[in-house]
Amino acid sequence: MKKIFVPAAIALAVVCANSYAEPVHVDVLGATVKDQRIDGATVTLQRNGEQSVTSSTNASGQAILTSSFPDDKDALLIVKKEGYSNLVAQCPCAGMTYAISPVMTNLDGMRVVLTWAKFPADLDSHLMFPGGHVYFVNKKGQDANLDVDDTDSYGPETITISKKHFGESYTYAVVDYSHKGQPTRKMLSESKARVFVYVGSSLVRTYSVPVGMAGNIWTVFKLNPNGEFEDINSITGNDFNTMGRDVNDLAAIIAEANSRAVPVVLEDGNVMLAKEYNRDGEAYYKAGELENAIRAFQQATEADNGYGQAFSNLGLVYQKDGKIAEAIWANRKAISLASGANAATTRANSYYNIAKIYENAGQYAEALQHYQLANVQKNKPVYENAITRVKEKI
């Protein structure tokens, strides 16, 4: 299998002909301001073994790239702009829209960006959590907002969590509002929809809508009380017009459908591929090439979302590179995947690493909480001393 790095939350309306050496026209948008065109973004089209091509967006957010290779699944589109997270997306690019996300500064923040193709016209983002449901009717919730609502194709639709509350669960889903009364249609499945999840300055998760499935509800992921992703990535259906329930009841509808949901199954060979990427990442890290190391470890986690060592390595290199919000996220994932004889030690070390980040940032209540969690896993003097130290600062 060819190695391709695809995290991603982008911002581009790509109007390109899907044929060999045809110019690729790209529109770059901002994820948090509706219809914001991004000037001066660097856009690169690349493919393994081929000469990459690069252009910059103009005042209208447009760039044109002409390459010697086709716009197919072996090509990548990369968008960079200072102050924004890098965006990397797998082609083909024709007819797609992406939006780049401004860097987030909150350690517990998260941004979710939805993009899709021309049809259906109206896909809606929904974030549900205890006491809250953020969507087009209710755009502001406790520490979470719908930044951009789109009803005329492509997106983006963007929800920002300014502070994820430890101990609470969050569920993110997409509804095909254009076909809300037609639960047996496949328009959502055929929409080429993607969801990009950002933490800090990095794209940490990417989801593509399952294809060939009937339904108008795509339940994408859940954040468990510890802040870890639980991938759901399944499509179900509901007739919102005649069943006495509207999108206000989505949380209950999804809860009932979860028992019938079929989670995505990893393809054969992904575990071996993940280990290969992980070895690449370790080599890059030893050579001091942190950006390449991050990219390789991300590829490993994309190939096998249950590969704990890759998440642990990713947390280490994030922290080394000063990406502390991302380091928290990766350490949390390592905690959830810890198993075997050394599981308690792994969890204790990861909780301690998280606590140190919070303490250094002056978030002493969160630091105390995680030092205590570390001490529960492994009672050690260093943890007890840290608990005493932080209590004096609160």
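These numbers come from a predicted model, not from an experiment. (Residues numbered from 1 in each chain as written. Predicted model: local features only at pLDDT ≥ 70, side-chain atom pairs only at ≥ 80, totals over all residues. Heavy atoms only, no water.)

**Q** Please explain the nonpolar core as it appears in this structure.
**A** In globular proteins that are soluble, nonpolar side chains generally tend to be buried together. Within the largest apolar cluster, 58 residues are counted, with the highest numbers of intra-cluster contacts made by Tyr-172, Val-195 and Trp-218. Leave out the neighbours within four places in its chain, and Tyr-172 touches Val-112, Leu-114, Ser-125, His-126, Leu-127, Ile-159, Val-195, Thr-219, Val-220 and Phe-221. Listed in part, the 29 residues of the second largest apolar core include Ala-89, Cys-91, Val-113 and Tyr-198. (Core = buried A, V, L, I, M, F, W, Y, C linked by side-chain atoms within 4.5 Å. Buried < 20%, exposed > 50% of the residue type's maximum accessible area, 1.4 Å probe, protein only. Contact = heavy atoms within 4.5 Å.)

**Q** For this particular structure, what's the right way to read the environment of Gly-212?
**A** If you trace the backbone, Gly-212 turns up in the loop between strand S17 (202–208) and strand S18 (217–223). The exposure class of Gly-212 is exposed, given its relative accessible area of 55%. For the pair Gly-212 and Met-187, spaced 25 residues apart in sequence, the C-alpha to C-alpha distance is 9.4 Å. Gly-212 has contacts with Lys-186 and Ser-189, leaving out every residue within four places of it along the chain. (Helix = DSSP H or I, 4+ residues; strand = E, 2+ residues; numbered from the N terminus.)

**Q** It is not clear to me how the sheet that holds strand S9 (residues 110–115) should be interpreted in this structure. Could you clarify?
**A** The strands that make up a sheet are held in pairs by hydrogen bonds between backbone atoms, and each pair lies either parallel or antiparallel. Spatial ordering of the open sheet is given by S12-S13-S14-S9-S16-S17, a layout of 6 strands whose pairing is antiparallel. Every interior strand has two partners, whereas the edge strands, strand S12 (140–141) and S17, have only one. Examined bridge by bridge, S9 and strand S16 (residues 194–199) share 5 bridges and lie antiparallel to one another. The residue bridging Val-113 from the neighbouring strand is Phe-196, located in S16. (Pairing = 2+ DSSP bridges.)

**Q** I would appreciate a short explanation of empty space enclosed by the protein in the present structure.
**A** Over the atoms rolls a probe the size of a water molecule, and in doing so it shows where empty space is left. Tallying each qualifying case throughout the model produces 2 cavities of 30 Å³ or more. When its volume is computed, the largest cavity comes out at roughly 160 Å³. In this structure, the largest cavity is lined by 14 residues; those nearest its centre are Asp-108, Lys-164, Gly-227, Ile-328 and Arg-332. With 4 residues, the single largest contributor to the lining of the largest cavity is helix H5 (residues 324–337). Each residue belonging to the lining of the largest cavity can be placed in one class, and the counts come to 8 nonpolar, 3 polar and 3 charged. (1 Å grid on protein atoms, 1.4 Å probe; cavity = no way out; pocket = protein on both sides within 12 Å on 5 of 7 lines; lining within 4 Å. Points joined across faces, edges and corners; volume = space filled by probe spheres on them. Nonpolar A, V, L, I, M, F, W, Y, C, P; charged D, E, K, R; others polar.)

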